[in-house]
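Analysis of the macromolecular model
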Amino acid sequence: AMYYGTVIRISDNFYAGTGAVYILHDDGRMAVYGEINPIGLKKGDRVEAGQLIGVMMRSTQNTLMLHLEMYYGTKRDAEHRIDPTFVYDFEDRWNK
């Protein structure tokens, strides 16, 4: 998980047989971590920043990938969508 929060949904049918974890982070933003196999979580669990929440699964192109969506609040629609690169410095994180 990118930030502290609470698991609000676990899905085992996100895309092409992959799973997803929906987390409402403490700052009020929801993140959908998709195309993963969730590990040991259930609705209502608290997660910590950096905690392992799942293992990436192979996509239909046979590559490992994480599908990440972020929203203000819990509505999963275009009006509430956030570009994850605006809230998390992925490049800095990967270069460490």
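Quick caveat, the model's predicted, so the values are computed rather than measured. (Residues numbered from 1 in each chain as written. Predicted model: local features only at pLDDT ≥ 70, side-chain atom pairs only at ≥ 80, totals over all residues. Heavy atoms only, no water.)

Summarising burial for strand β3 (residues 29–38): eight of the ten residues are buried, a large majority. As paired strands, strand β2 (residues 18–25) and β3 are joined by six bridges and run antiparallel to one another. Within β3, the position partnered with Tyr 22 by the bridge is Val 32. Joining the antiparallel neighbours β2 and β3 is a turn of three residues, in which Gly 28 adopts a positive phi near 95°. Here β3 pairs with strand β7 (residues 67–72) via six bridges, running antiparallel. Each residue of the ladder has a partner; that of Met 30, found in β7, is Tyr 71. As paired elements, β3 and strand β5 (residues 54–58) share three bridges and run antiparallel to each other. Pairing of Asn 37 across the sheet is with Val 55, part of β5. (Buried < 20%, exposed > 50% of the residue type's maximum accessible area, 1.4 Å probe, protein only. Helix = DSSP H or I, 4+ residues; strand = E, 2+ residues; numbered from the N terminus. Pairing = 2+ DSSP bridges.)

With that out of the way, let us pick up the pattern of salt bridges. Across all of its chains, the model carries four salt bridges by this definition. For Arg 46, the salt bridge goes to Asp 26, with nearest N and O atoms at 2.8 Å. Here the residue Arg 46 occupies a position in strand β4 (residues 46–47), and Asp 26 occupies one in the loop between β2 and β3, the gap between them amounting to 20 residues. Residue Arg 46 is classed as partly exposed on the basis of its relative accessible area of 46%. Across the salt bridge formed by Arg 76 and Glu 69, the nearest N and O atoms sit 2.7 Å from each other. By relative accessible area, which is 13% here, Glu 69 ends up buried. (Salt bridge = Lys/Arg side-chain N within 4 Å of Asp/Glu carboxyl O.)

This part is about the confidence of the model for the chain. A residue-level look at the chain finds 89% of positions with pLDDT of 70 or above and a mean pLDDT of 86. Within the chain, β4 carries the highest mean pLDDT (98), whereas helix α1 (residues 90–94) carries the lowest (57). (pLDDT = per-residue confidence, 0-100.)

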